[in-house]
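Listed here are the chains, written in short residue letters.
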Amino acid sequence: MSSLFTPLALRAVTLPNRIAMAPMCQYSAGPDGLPTDWHLIHLGSRAVGGAGLVLTEATAVLPEGRISPQDTGLWSGAHVDAWRPVTAFVAAHGAVPAVQLAHAGFKASTYRPWAPERGGVPDAEGGWTPVAPGSEPFTAGYRTPTSLDEAGIAGVVEAFAAGAERAVDAGFAAVEIHAAHGYLLNEFLSPLTNHRTDGYGGDRAARMRLTLEVARAVRAAVGEDVPVLTRISATDWVEGGWTIDDSVVLAGELAGVGVDLVDASSGGVSVDQRVPLGPGYQVPLAAQIRRDAGVPTGAVGLIVEPEHAEQIVAGGEADLVLLGRELLRDPYWPRRAAAKLGVAYSGPAQYARAA
Ligand SMILES: Cc1cc2nc3c(=O)[nH]c(=O)nc-3n(C[C@H](O)[C@H](O)[C@H](O)COP(=O)(O)O)c2cc1C
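Here we summarise the structure given alongside this text. Per chain, residues are indexed from 1 in the order of the written sequence. Totals for whole chains, interfaces and linings use all residues, but because this is a predicted model, local features are given only for residues with pLDDT of at least 70 and pairs of side-chain atoms are given and counted only at 80 or more. Values reported for side chains reflect all heavy atoms of the structure, with hydrogen atoms and water molecules removed beforehand.

## What about the site of the ligand?
The cutoff for a nearby residue is simple: one of its non-hydrogen atoms must lie within 4 Å of the molecule or strand. Close contacts around the ligand come from 16 residues, with Pro23, Cys25, Gln100, Leu302 and Arg325 the closest. In the model, an oxygen atom of the ligand is placed 3.0 Å from a nitrogen or oxygen of the alanine 58 main chain. Polar contacts here mean pairs of N or O atoms no more than 3.5 Å apart (in protein, one a potential hydrogen donor and the other a potential acceptor; neighbouring residues in sequence count only if both atoms are side-chain atoms). At 3.2 Å from an oxygen atom of the ligand is found a side-chain nitrogen or oxygen belonging to histidine 178. Only the protein chains shown count as cover for residues, and all accessible areas are computed by the Shrake-Rupley method using a 1.4 Å probe. A total of 600 Å² of accessible area belongs to the ligand in isolation, and the protein chains cover 82% of it. A per-class count over the shell around the ligand returns 8 nonpolar, 5 polar and 3 charged. Classification used: nonpolar for Ala, Val, Leu, Ile, Met, Phe, Trp, Tyr, Cys and Pro, charged for Asp, Glu, Lys and Arg, polar for all others including Gly.

Next up, the structure:
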């Protein structure tokens, strides 16, 4: 009996197994953040490959919340129409389609990784001025943001709620809020990047306020049946930054406003981070949140071996395992994992002769 291949019920949705494709930017959207055939094939392949949950890349709730001009979005009805064939295909192949709703904060308006240039995209090349908790850039070469005022903050909360409502309309069966990796919500959470003196900065409760307002608004927007996940950076990996103990508190508060699972990533807020990279290096973060906050978690980061993934779920360290790069290397990883773990696996009928 495999734990990895045991279904996971989240509200009215049941994932067929505990394998999720981690959100991964593809920098391949059409004009104005519209998903393209690339997204249909890329996400569709992982559904055909057997992942139980297929998460989109960071999908911006506002145009200025895109990391690059080539990021996907969900800020209009045109985006809803463009996402529909993607969600329909993913769902038709037995996976749960989920969107990661995002706002890039001071890391917005940057070149995609394979562009020859680095850092901030200027206005003349389709860039824009980012917004953030303050007016300090992320690091040299990035664009200098405008500090959000209270009306701007309220606009962000509304945009996440509207994006979540559109997500359901577009056929997404679950929503993940991106509050990690040094993007806007993470910038408000971390004492390294939030130096505000209003009600959204100062002590931990004030720094958590925006993320909790977003989570509450997203929950209200999607109704009671749709699972809401939240990806956090469970530690900044910087002395004096956000810590795992802060994350345990945040996870409890998130669950209180209707978040069903915390996806425990880390880092991204500071160039001074020192990340102890290694197989499963973020799993202890997921395990501690699950144990101390009593909240279901997802584990992610350098998980590549089926036996390792199985042991994470079986050992109670996390409820879900997210794979990023390994699923880029092999969309059929779940099929291979099933074979290794001795689990009967039925892929798509079209491929039955290759069973
Ligand atoms: C190409 C690429 C794009 C990524 N884009 C996102 C993203 O849009 N949102 C996010 O939360 N994480 C993003 N990540 C991080 C992954 O979701 C994942 O947490 C990370 O790659 C570690 O998992 P892995 O070792 O299985 O790849 C990205 C990673 C890669 C490799």
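## So, the nonpolar core
Formed by 78 residues in total, the largest nonpolar core has its most connected members in Phe160, Val218 and Ile289. If sequence neighbours within four positions are ignored, phenylalanine 160 has contacts with Val61, Leu101, Ala102, His103, Ile177, Leu185, Val214 and Val218. Only buried residues count toward a nonpolar core. Its members are Ala, Val, Leu, Ile, Met, Phe, Trp, Tyr and Cys residues joined through side-chain atoms within 4.5 Å. Think of it in three bands: residues with accessible area under 20% of the maximum for their type are buried, residues over 50% are exposed, and the middle band is partly exposed, with areas taken using a 1.4 Å probe on protein chains only. Leu15, Ala20, Val96 and Ala98 belong to the second largest nonpolar core, which has 16 residues in total. Any two residues whose heavy atoms approach within 4.5 Å are treated as being in contact.

## What about the side chain of arginine 143?
Secondary-structure assignment places arginine 143 in the loop between strand E6 (131–132) and strand E7 (146–147). Its relative accessible area of 18% is what places arginine 143 among the buried residues. Among the polar contacts made by the side chain of arginine 143, one reaches the side chain of aspartate 123 at a distance of 2.7 Å. In terms of polar contacts, arginine 143 uses its side chain to reach the side chain of threonine 129, at 3.4 Å. Secondary structure elements follow DSSP: runs of H or I of four or more residues count as helices, runs of E of two or more count as strands, with numbering from the N terminus.

## Description of the packing of helix H3 (residues 150–169) against helix H5 (residues 204–222)
Interaxial angles span 0 to 180 degrees and are taken between N-to-C directions of axes, which are lines fitted to C-alpha atoms, for helices over the stretch in contact. Contact geometry of H3 with H5 gives a least axis separation of 8 Å together with a crossing angle of 30°. By the angle class used here, H3 and H5 are roughly parallel. Crossing of H3 against H5: the hand is right-handed. Residues Ile153, Val157, Phe160, Ala161, Ala164, Glu165 and Val168 of H3 form the contact with H5, whose participating residues are Leu210, Glu213, Val214, Ala217, Val218, Ala221 and Val222. Note that the term roughly parallel is reserved for angles under 35 degrees, roughly antiparallel for angles over 145, roughly perpendicular for angles of 65 to 115, and oblique for everything else. Here is the rule for handedness: rotate from the far helix to the near one, and if that takes an anticlockwise turn smaller than a right angle the crossing is left-handed, while a clockwise turn gives right-handed.

## Observations concerning the pairing of strand E8 (residues 174–179)
Most of E8 sits inside the fold, with 6 of its 6 residues counted as buried. Taken together, the 4 bridges between strand E5 (residues 96–102) and E8 define a ladder with parallel strand orientation. From the neighbouring strand, glutamine 100 faces E8, where its bridge partner is glutamate 176. Where E8 lies against strand E9 (residues 228–233), 5 bridges are found, and the strand directions are parallel. Strands qualify as paired when DSSP identifies two bridges or more between them.

## Points about the packing of aromatic side chains
A ring pair, where both rings are aromatic, is described by two values, the distance of the centres and the angle of the planes. Only Phe, Tyr and Trp rings take part, Trp by its six-membered ring, and two of them pair if their centres are within 6.5 Å. Stacked means planes under 30 degrees apart, edge-to-face means over 60, and tilted covers everything else. Per the stated rule, a full pass over the model turns up 5 aromatic pairs. Centre to centre, the rings of phenylalanine 138 and tyrosine 142 are 5.0 Å apart; their planes meet at 80°, and the pair counts as edge-to-face. The exposure class of phenylalanine 138 is buried, given its relative accessible area of 17%. Arranged with centres 6.4 Å apart and planes meeting at 55°, the rings of tyrosine 332 and tyrosine 351 form a pair that is tilted. Here tyrosine 351 lies in the segment after helix H10 (333–341) and tyrosine 332 lies in the loop between helix H9 (325–329) and H10, a separation of 19 residues in the sequence. Classification of tyrosine 332 by relative accessible area gives partly exposed; the value is 31%. The exposure class assigned to tyrosine 351 is partly exposed, which follows from its relative accessible area of 37%.

## Some thoughts on the sheet that holds E9
Strand order in the closed barrel made by the 8 strands is E3-E4-E5-E8-E9-E10-E11-E12, with parallel pairing throughout. Taking each pair of neighbouring strands and ignoring which way they run, the sheet shows an average axis angle of 25°. In the packing of helix H6 (residues 244–256) onto the sheet, the strands contacted are E9 and strand E10 (261–265), and the crossing angle to E9 comes to about 165°.

## Remarks on the packing of H6 against helix H7 (residues 283–293)
Where H6 contacts H7, the axes come no closer than 9 Å and their chain directions differ by 50°. Considering their axes alone, H6 and H7 lie oblique with respect to each other. In this structure, the crossing between H6 and H7 has a hand that is right-handed. Here Ile244, Asp245, Ser247, Val248, Ala251 and Gly252 of H6 lie close against H7, whose contacting residues are Leu285, Gln288, Ile289, Asp292 and Ala293. For the contact of H6 with H7, the class distribution of residues is 6 nonpolar, 3 polar and 2 charged.

## Topic: the pattern of salt bridges
Where charged atoms from two side chains of opposite charge approach closely, those side chains can pair. The term salt bridge refers to a pairing of a side-chain nitrogen on Lys or Arg with a carboxyl oxygen on Asp or Glu at a separation within 4 Å. Within this structure, the stated rule accounts for 18 salt bridges. A salt bridge links arginine 204 to aspartate 246, with the nearest nitrogen and oxygen atoms 2.9 Å apart. One end of the pair, arginine 204, is in helix H5; the other, aspartate 246, is in helix H6, with 42 residues separating them in the sequence. A relative accessible area of 29% places arginine 204 in the partly exposed class. Residue aspartate 246 is classed as buried on the basis of its relative accessible area of 13%. In the salt-bridge network here, residues are joined through shared partners; they are Arg11, Arg219, Glu224 and Asp260.

## Overview of the pairing of strand E4 (residues 53–60)
Along E4, 8 of the 8 residues are buried, which leaves the element largely enclosed by surrounding structure. Both E4 and E5 contribute to a ladder of 6 bridges, which runs parallel. When the sheet's bridge partners are listed, threonine 59 is paired in E5 with leucine 101. Classification remark: right-handed applies to a crossover when, strands pointing away from the viewer, the course from the first strand over the helix to the second runs clockwise. Once the chain exits E4 it traverses helix H2 (residues 77–92) before rejoining the sheet at E5, and the crossover so formed is right-handed.

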